[in-house]
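Residue-level structure breakdown
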Amino acid sequence: SVPAAILSALASAARGGVLFKGGAALETLAEVDTFAFDKTGTLTTGKAEVTRIVARDDDAAFLALLAGLEAQSEHPVAEAIRRHTQARGVVPTTMRDVQSIPSEGIVGADTEGTLWAGNLRMAARMGAPADTPEFSRFAESAQTVVYLGRGSQVLGAVSVADRPRETSAAGLAALKAEGVTTIVMMTGDRRAVGLRMGAALGFAPADIHADLLPQDKVRLVGELTGRGRVAFVGDGVNDAAALARADVGIAMGAAGSEVALQAADIALLSDDMQRLAAARRLARRTRRIIR
Ligand code: ADP
Ligand code: MG
(Lines give C-alpha, C1' and ligand atoms only; values in the text may rest on other atoms or scores of the structure.)
(Ligands and ions follow the chains in the order given, each with its own letter.)
Protein backbone atom coordinates (compact mmCIF):
# COMPACT_ATOMS: atom_id res chain seq x y z
CA SER A 1 0.00 0.00 0.00
CA VAL A 2 1.04 3.59 -0.54
CA PRO A 3 2.60 5.17 2.58
CA ALA A 4 0.41 7.77 4.25
CA ALA A 5 3.17 10.37 3.89
CA ILE A 6 3.04 9.99 0.11
CA LEU A 7 -0.76 10.18 -0.02
CA SER A 8 -0.72 13.30 2.08
CA ALA A 9 2.01 14.87 -0.10
CA LEU A 10 0.05 14.08 -3.29
CA ALA A 11 -3.05 15.69 -1.80
CA SER A 12 -1.12 18.73 -0.68
CA ALA A 13 0.50 19.11 -4.13
CA ALA A 14 -2.93 18.78 -5.77
CA ARG A 15 -4.24 21.64 -3.65
CA GLY A 16 -1.40 23.74 -5.12
CA GLY A 17 -2.38 22.76 -8.66
CA VAL A 18 0.29 20.06 -9.17
CA LEU A 19 -1.34 16.73 -10.04
CA PHE A 20 0.88 13.63 -9.75
CA LYS A 21 -0.35 10.53 -11.59
CA GLY A 22 1.09 8.38 -8.80
CA GLY A 23 3.51 8.08 -5.92
CA ALA A 24 6.37 6.96 -8.18
CA ALA A 25 6.46 10.34 -9.92
CA LEU A 26 6.74 12.04 -6.53
CA GLU A 27 9.70 9.85 -5.58
CA THR A 28 11.45 10.45 -8.90
CA LEU A 29 10.90 14.21 -8.80
CA ALA A 30 12.83 14.28 -5.52
CA GLU A 31 15.90 13.09 -7.45
CA VAL A 32 15.61 15.36 -10.48
CA ASP A 33 18.64 17.63 -10.95
CA THR A 34 18.03 18.61 -14.57
CA PHE A 35 15.04 20.48 -16.00
CA ALA A 36 14.40 20.85 -19.74
CA PHE A 37 11.75 23.40 -20.71
CA ASP A 38 9.82 23.77 -23.92
CA LYS A 39 9.48 27.45 -24.87
CA THR A 40 6.16 28.21 -26.57
CA GLY A 41 3.24 27.78 -24.19
CA THR A 42 5.52 26.60 -21.37
CA LEU A 43 8.04 29.35 -20.54
CA THR A 44 5.88 31.75 -22.56
CA THR A 45 2.18 32.44 -22.16
CA GLY A 46 1.31 30.97 -25.56
CA LYS A 47 -1.00 33.95 -25.96
CA ALA A 48 0.95 35.48 -28.80
CA GLU A 49 -0.01 38.47 -30.92
CA VAL A 50 0.32 39.12 -34.62
CA THR A 51 2.75 42.04 -34.96
CA ARG A 52 3.36 42.39 -38.70
CA ILE A 53 1.77 41.29 -41.96
CA VAL A 54 3.32 41.36 -45.45
CA ALA A 55 1.16 40.00 -48.26
CA ARG A 56 2.28 39.81 -51.91
CA ASP A 57 -1.19 40.84 -53.10
CA ASP A 58 -4.27 41.71 -51.14
CA ASP A 59 -4.09 41.59 -47.32
CA ALA A 60 -7.70 40.45 -46.91
CA ALA A 61 -7.41 37.54 -49.35
CA PHE A 62 -4.09 36.50 -47.79
CA LEU A 63 -5.54 36.55 -44.27
CA ALA A 64 -8.61 34.55 -45.34
CA LEU A 65 -6.37 31.74 -46.62
CA LEU A 66 -4.10 31.84 -43.57
CA ALA A 67 -7.09 31.86 -41.20
CA GLY A 68 -8.63 28.95 -43.16
CA LEU A 69 -5.58 26.77 -42.52
CA GLU A 70 -4.98 27.86 -38.92
CA ALA A 71 -8.64 27.33 -38.03
CA GLN A 72 -7.78 23.66 -37.77
CA SER A 73 -4.62 23.86 -35.64
CA GLU A 74 -4.35 24.00 -31.87
CA HIS A 75 -0.83 25.44 -31.92
CA PRO A 76 -0.36 28.76 -30.03
CA VAL A 77 0.67 30.58 -33.25
CA ALA A 78 -2.54 29.36 -34.87
CA GLU A 79 -4.53 30.73 -31.95
CA ALA A 80 -2.79 34.11 -32.32
CA ILE A 81 -3.67 34.20 -36.01
CA ARG A 82 -7.27 33.19 -35.29
CA ARG A 83 -7.70 35.93 -32.69
CA HIS A 84 -6.21 38.54 -35.02
CA THR A 85 -8.26 37.58 -38.07
CA GLN A 86 -11.48 37.24 -36.07
CA ALA A 87 -11.00 40.74 -34.66
CA ARG A 88 -10.60 42.04 -38.23
CA GLY A 89 -13.74 40.28 -39.38
CA VAL A 90 -11.87 38.00 -41.79
CA VAL A 91 -13.96 35.06 -43.03
CA PRO A 92 -11.65 32.02 -43.16
CA THR A 93 -11.52 30.20 -46.50
CA THR A 94 -12.89 26.66 -46.27
CA MET A 95 -10.06 24.12 -46.44
CA ARG A 96 -10.04 20.38 -46.92
CA ASP A 97 -7.44 17.67 -46.27
CA VAL A 98 -5.87 19.72 -43.51
CA GLN A 99 -2.90 18.10 -41.84
CA SER A 100 -0.58 19.34 -39.10
CA ILE A 101 3.15 18.82 -39.46
CA PRO A 102 4.64 19.06 -35.94
CA SER A 103 7.21 21.83 -35.46
CA GLU A 104 6.70 23.00 -39.07
CA GLY A 105 3.14 24.09 -39.66
CA ILE A 106 0.01 23.01 -41.46
CA VAL A 107 -0.99 21.91 -44.97
CA GLY A 108 -4.44 21.91 -46.63
CA ALA A 109 -6.26 22.70 -49.85
CA ASP A 110 -8.85 25.17 -51.12
CA THR A 111 -10.69 24.83 -54.46
CA GLU A 112 -7.57 25.94 -56.34
CA GLY A 113 -5.09 23.55 -54.80
CA THR A 114 -2.62 22.93 -51.99
CA LEU A 115 -1.73 25.61 -49.46
CA TRP A 116 0.65 25.57 -46.52
CA ALA A 117 1.53 27.77 -43.55
CA GLY A 118 4.61 27.37 -41.40
CA ASN A 119 8.25 28.16 -40.79
CA LEU A 120 11.30 28.10 -43.07
CA ARG A 121 11.55 24.34 -42.74
CA MET A 122 8.00 24.03 -44.08
CA ALA A 123 8.80 26.45 -46.92
CA ALA A 124 11.86 24.38 -47.81
CA ARG A 125 9.78 21.20 -47.77
CA MET A 126 7.48 22.86 -50.35
CA GLY A 127 10.39 24.12 -52.45
CA ALA A 128 9.33 27.71 -51.75
CA PRO A 129 11.99 30.43 -51.41
CA ALA A 130 10.98 32.31 -48.23
CA ASP A 131 14.42 33.58 -47.31
CA THR A 132 14.15 36.44 -49.82
CA PRO A 133 14.77 40.22 -49.41
CA GLU A 134 11.02 40.80 -49.36
CA PHE A 135 10.79 38.96 -46.06
CA SER A 136 14.20 39.90 -44.64
CA ARG A 137 12.70 42.09 -41.92
CA PHE A 138 10.88 39.04 -40.67
CA ALA A 139 13.97 36.86 -40.72
CA GLU A 140 15.99 39.53 -38.88
CA SER A 141 13.40 40.00 -36.14
CA ALA A 142 13.49 37.85 -33.02
CA GLN A 143 9.87 36.83 -33.49
CA THR A 144 8.18 33.70 -34.75
CA VAL A 145 7.43 33.98 -38.48
CA VAL A 146 4.63 32.15 -40.27
CA TYR A 147 4.89 32.05 -44.06
CA LEU A 148 1.86 31.19 -46.19
CA GLY A 149 2.35 29.61 -49.58
CA ARG A 150 0.63 27.94 -52.49
CA GLY A 151 2.90 25.23 -53.80
CA SER A 152 6.34 26.73 -54.36
CA GLN A 153 5.04 30.29 -54.22
CA VAL A 154 5.15 32.32 -51.01
CA LEU A 155 2.04 34.51 -50.71
CA GLY A 156 3.10 36.39 -47.63
CA ALA A 157 4.12 36.18 -43.98
CA VAL A 158 3.09 37.29 -40.53
CA SER A 159 5.17 37.58 -37.39
CA VAL A 160 3.89 36.55 -34.01
CA ALA A 161 5.27 37.77 -30.67
CA ASP A 162 4.89 35.92 -27.42
CA ARG A 163 6.09 36.92 -23.94
CA PRO A 164 7.40 35.00 -20.94
CA ARG A 165 4.91 33.97 -18.27
CA GLU A 166 5.06 36.41 -15.40
CA THR A 167 6.30 33.63 -13.11
CA SER A 168 8.85 31.99 -15.43
CA ALA A 169 11.90 33.94 -14.22
CA ALA A 170 11.02 33.44 -10.55
CA GLY A 171 10.21 29.76 -11.16
CA LEU A 172 13.60 29.13 -12.78
CA ALA A 173 15.39 31.02 -10.01
CA ALA A 174 13.57 28.96 -7.38
CA LEU A 175 14.67 25.71 -9.04
CA LYS A 176 18.30 26.89 -9.05
CA ALA A 177 18.04 27.96 -5.41
CA GLU A 178 16.71 24.46 -4.68
CA GLY A 179 19.90 22.92 -6.04
CA VAL A 180 18.80 22.01 -9.56
CA THR A 181 22.11 21.97 -11.45
CA THR A 182 21.06 22.09 -15.10
CA ILE A 183 18.22 24.01 -16.76
CA VAL A 184 17.92 24.07 -20.55
CA MET A 185 15.44 25.30 -23.15
CA MET A 186 14.29 23.12 -26.04
CA THR A 187 12.23 24.74 -28.77
CA GLY A 188 11.00 24.02 -32.26
CA ASP A 189 11.09 27.75 -32.91
CA ARG A 190 14.07 29.37 -34.58
CA ARG A 191 17.25 30.24 -32.72
CA ALA A 192 16.85 34.04 -32.77
CA VAL A 193 13.53 33.74 -30.94
CA GLY A 194 14.87 31.20 -28.45
CA LEU A 195 17.92 33.36 -27.73
CA ARG A 196 15.87 36.48 -27.06
CA MET A 197 13.43 34.73 -24.79
CA GLY A 198 16.27 32.84 -23.11
CA ALA A 199 18.26 36.02 -22.45
CA ALA A 200 15.23 37.55 -20.75
CA LEU A 201 14.97 34.48 -18.50
CA GLY A 202 18.66 34.10 -17.65
CA PHE A 203 19.58 31.14 -19.88
CA ALA A 204 23.15 30.88 -21.15
CA PRO A 205 23.20 30.66 -24.98
CA ALA A 206 24.72 27.17 -24.74
CA ASP A 207 21.66 25.97 -22.81
CA ILE A 208 19.24 27.07 -25.54
CA HIS A 209 18.43 24.38 -28.11
CA ALA A 210 16.36 25.65 -31.07
CA ASP A 211 15.05 24.50 -34.47
CA LEU A 212 14.18 21.15 -32.93
CA LEU A 213 11.84 18.53 -34.32
CA PRO A 214 9.91 16.41 -31.80
CA GLN A 215 12.45 13.58 -32.19
CA ASP A 216 15.33 16.03 -31.56
CA LYS A 217 13.79 16.87 -28.17
CA VAL A 218 13.63 13.13 -27.40
CA ARG A 219 17.28 12.66 -28.35
CA LEU A 220 18.44 15.64 -26.26
CA VAL A 221 16.42 14.46 -23.25
CA GLY A 222 18.03 11.04 -23.68
CA GLU A 223 21.49 12.63 -23.67
CA LEU A 224 20.69 14.48 -20.44
CA THR A 225 19.45 11.32 -18.71
CA GLY A 226 22.96 9.94 -19.11
CA ARG A 227 24.11 12.54 -16.57
CA GLY A 228 21.29 12.62 -14.03
CA ARG A 229 17.56 12.54 -13.44
CA VAL A 230 15.69 14.66 -15.95
CA ALA A 231 12.32 16.40 -15.92
CA PHE A 232 10.86 17.71 -19.18
CA VAL A 233 8.23 20.44 -18.98
CA GLY A 234 6.07 20.99 -22.07
CA ASP A 235 2.61 21.70 -23.40
CA GLY A 236 2.40 20.75 -27.05
CA VAL A 237 1.64 17.77 -29.25
CA ASN A 238 5.28 18.13 -30.32
CA ASP A 239 6.39 17.58 -26.69
CA ALA A 240 4.59 14.28 -26.07
CA ALA A 241 7.51 12.02 -26.97
CA ALA A 242 10.00 14.06 -24.91
CA LEU A 243 7.60 14.03 -21.94
CA ALA A 244 7.47 10.25 -22.17
CA ARG A 245 11.25 9.94 -22.57
CA ALA A 246 12.11 12.03 -19.50
CA ASP A 247 12.36 10.50 -16.01
CA VAL A 248 9.52 12.85 -15.09
CA GLY A 249 7.24 14.41 -17.72
CA ILE A 250 5.45 17.56 -16.60
CA ALA A 251 2.62 18.91 -18.77
CA MET A 252 1.15 22.39 -18.62
CA GLY A 253 -2.41 21.49 -17.73
CA ALA A 254 -4.45 24.64 -18.15
CA ALA A 255 -3.85 25.36 -21.84
CA GLY A 256 -1.72 22.40 -22.86
CA SER A 257 -2.69 19.73 -25.37
CA GLU A 258 -4.46 16.51 -24.48
CA VAL A 259 -1.61 14.40 -25.90
CA ALA A 260 0.94 16.14 -23.69
CA LEU A 261 -1.20 15.55 -20.60
CA GLN A 262 -1.51 11.87 -21.45
CA ALA A 263 2.23 11.42 -21.93
CA ALA A 264 3.12 13.22 -18.68
CA ASP A 265 3.59 11.95 -15.11
CA ILE A 266 2.58 15.29 -13.61
CA ALA A 267 0.09 17.93 -14.72
CA LEU A 268 0.75 21.52 -13.70
CA LEU A 269 -2.75 22.98 -13.48
CA SER A 270 -1.60 26.28 -12.07
CA ASP A 271 0.23 28.55 -14.51
CA ASP A 272 2.52 29.65 -11.67
CA MET A 273 5.94 28.21 -12.54
CA GLN A 274 7.10 28.61 -8.94
CA ARG A 275 4.87 25.66 -8.12
CA LEU A 276 7.44 23.40 -9.81
CA ALA A 277 10.11 24.20 -7.24
CA ALA A 278 7.55 23.89 -4.46
CA ALA A 279 6.56 20.44 -5.75
CA ARG A 280 10.17 19.29 -5.87
CA ARG A 281 10.72 20.59 -2.34
CA LEU A 282 7.66 18.66 -1.16
CA ALA A 283 8.91 15.53 -2.93
CA ARG A 284 12.29 15.74 -1.18
CA ARG A 285 10.72 16.36 2.19
CA THR A 286 8.41 13.37 1.73
CA ARG A 287 11.30 11.13 0.76
CA ARG A 288 13.11 12.04 3.96
CA ILE A 289 10.03 11.11 5.98
CA ILE A 290 9.47 7.69 4.40
CA ARG A 291 13.11 6.59 4.57
P1 ADP B 1 7.90 24.96 -29.40
O2 ADP B 1 8.84 23.80 -29.30
O3 ADP B 1 8.58 26.26 -29.10
O4 ADP B 1 6.66 24.78 -28.56
P5 ADP B 1 6.85 23.96 -31.94
O6 ADP B 1 7.83 22.85 -32.12
O7 ADP B 1 5.46 23.59 -31.58
O8 ADP B 1 7.43 25.07 -30.93
O9 ADP B 1 6.78 24.79 -33.29
C10 ADP B 1 7.96 25.21 -33.93
C11 ADP B 1 7.65 26.16 -35.04
O12 ADP B 1 6.87 25.51 -36.05
C13 ADP B 1 6.82 27.35 -34.63
O14 ADP B 1 7.62 28.35 -34.05
C15 ADP B 1 6.24 27.76 -35.95
O16 ADP B 1 7.20 28.51 -36.68
C17 ADP B 1 6.02 26.44 -36.66
N18 ADP B 1 4.62 25.98 -36.53
C19 ADP B 1 4.16 24.96 -35.76
N20 ADP B 1 2.82 24.82 -35.88
C21 ADP B 1 2.42 25.78 -36.72
C22 ADP B 1 1.14 26.18 -37.26
N23 ADP B 1 0.00 25.59 -36.94
N24 ADP B 1 1.13 27.22 -38.14
C25 ADP B 1 2.27 27.85 -38.47
N26 ADP B 1 3.48 27.54 -38.01
C27 ADP B 1 3.57 26.52 -37.15
MG1 MG C 1 5.13 24.36 -26.71
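Please read all numbers here as calculations on a predicted model, not as lab measurements.

Next up on the list: the domain arrangement of the protein. Considered domain by domain, the protein is made up of domain 1 (4-45 + 163-290) and domain 2 (49-161). Computed over C-alpha atoms, the centres of domain 1 and domain 2 are 30 Å apart. Contacts between domain 1 and domain 2 engage 14 residues on the former and eight residues on the latter. Here the side of domain 1 that touches domain 2 gets three residues from one element, more than from any other, and that element is helix α9 (residues 191-200). The residue inventory of the side of domain 1 that touches domain 2, partitioned by class, reads six nonpolar, five polar and three charged.

In the region of ligand 1, 23 residues are neighbours, and T40, S73, S103, N119 and G188 sit closest. Counting residues per element, the ones that place at least two in the shell around ligand 1 are α3 (39-43), α5 (76-87), β5 (105-110), β6 (113-118) and β7 (144-150). The greatest single-element share of the shell around ligand 1, amounting to three residues, is contributed by α3.

Here helix α8 (residues 168-177) crosses helix α13 (residues 274-290) at 25 degrees, and the two axes come no closer than 7 Å. The orientation of α8 relative to α13 falls into the category roughly parallel. Residues A170, G171, A174 and L175 of α8 form the contact with α13, whose own contacting residues are Q274, L276 and A277. Looking at the contact of α8 with α13, its residues break down into five nonpolar, two polar and no charged.

Right, let's talk about the sheet that holds strand β12 (residues 248-252) for a bit. Judged by pairing direction, the sheet is mixed, and its seven strands sit side by side in the order β1-β13-β12-β11-β2-β9-β10 without closing on themselves. Among the strands making up the open sheet, the edge pair consists of β1 (18-20) and β10 (208-209). Where strand β2 (residues 34-38) and strand β11 (residues 230-234) come together, four bridges link them in parallel fashion. Paired with T34 across the strands is V230, a residue of β11. In the packing of helix α10 (residues 214-225) onto the sheet, the strands contacted are β2, β9 (182-186), β10 and β11, and the crossing angle to β11 comes to about 155 degrees.

Quick look at unusual backbone geometry now. When glycine is set aside, most residues are seen to have a negative phi, and most peptide bonds are trans. Not every positive phi belongs to a glycine, and S103 is a case in point at roughly 65 degrees. Considering the arrangement of structural elements, one finds S103 in the loop between β4 (96-101) and β5. Positive phi, normally seen in glycine, also occurs at D211, with a value near 55 degrees. Residue position: D211 is located in the loop between β10 and α10.

Below, the discussion takes up the nonpolar core. Grouped together as the largest cluster of nonpolar side chains are 54 residues, with contacts concentrated most on A36, A231, F232, L243, I250 and I266. Looking at this core, the element that brings in the most residues is α13, giving five residues. Those residues within four positions of A36 in sequence are excluded, and the remaining contacts are V184, M186, V221, L224, V230 and F232. If you look at the next biggest cluster of nonpolar residues, it comprises 35 residues, including L69, A78, I106 and V146.

Residues in a regular strand project their side chains so that they alternate between the two faces of the sheet. The element β12 is largely enclosed, with a buried count of five among its five residues. Burial along β12 is two-sided: V248, I250 and M252 facing one way and G249 and A251 facing the other are all buried. Chirality of the crossover, the property in question, places the unit of β11, helix α11 (residues 240-245) and β12 among those that are right-handed. Summarising the sheet, β12 and strand β13 (residues 266-268) pair through three bridges and their orientation is parallel. Looking at β13, one finds that A251 is bridged to A267. Between β12 and its parallel partner β13, the chain crosses via helix α12 (residues 258-263), and the hand of that crossover is right-handed.

Attention now moves to the sheet that holds strand β3 (residues 49-55). Overall, antiparallel pairing links the six strands, which are arranged β3-β8-β7-β6-β5-β4 in an open sheet. Each end of this open sheet is capped by a strand with a single partner; those strands are β3 and β4. Neighbour-to-neighbour, the strand axes of the sheet open up by a mean angle of 15 degrees, direction not taken into account. Along the sheet, α5 contacts β3, β7 and β8 (153-161); its crossing angle with β3, the most-contacted strand, is approximately 75 degrees.

Basis of the calculations
Residues numbered from 1 in each chain as written. Chains lettered and ligands numbered in written order. Predicted model: local features only at pLDDT ≥ 70, side-chain atom pairs only at ≥ 80, totals over all residues. Domains from an automatic or database assignment. Contact = placed C-beta atoms within 7 Å. Helix = DSSP H or I, 4+ residues; strand = E, 2+ residues; numbered from the N terminus. Nonpolar A, V, L, I, M, F, W, Y, C, P; charged D, E, K, R; others polar. Near = placed C-beta within 6 Å. Axes fitted to C-alpha atoms, helices over the stretch in contact; angles between N-to-C directions. Parallel < 35°, antiparallel > 145°, perpendicular 65-115°, else oblique. Pairing = 2+ DSSP bridges. Core = buried A, V, L, I, M, F, W, Y, C linked by C-beta atoms within 7 Å. Buried ≥ 20, exposed ≤ 12 C-beta atoms within 10 Å, placed from the backbone. Right-handed = clockwise from strand over helix to strand, strands pointing away.

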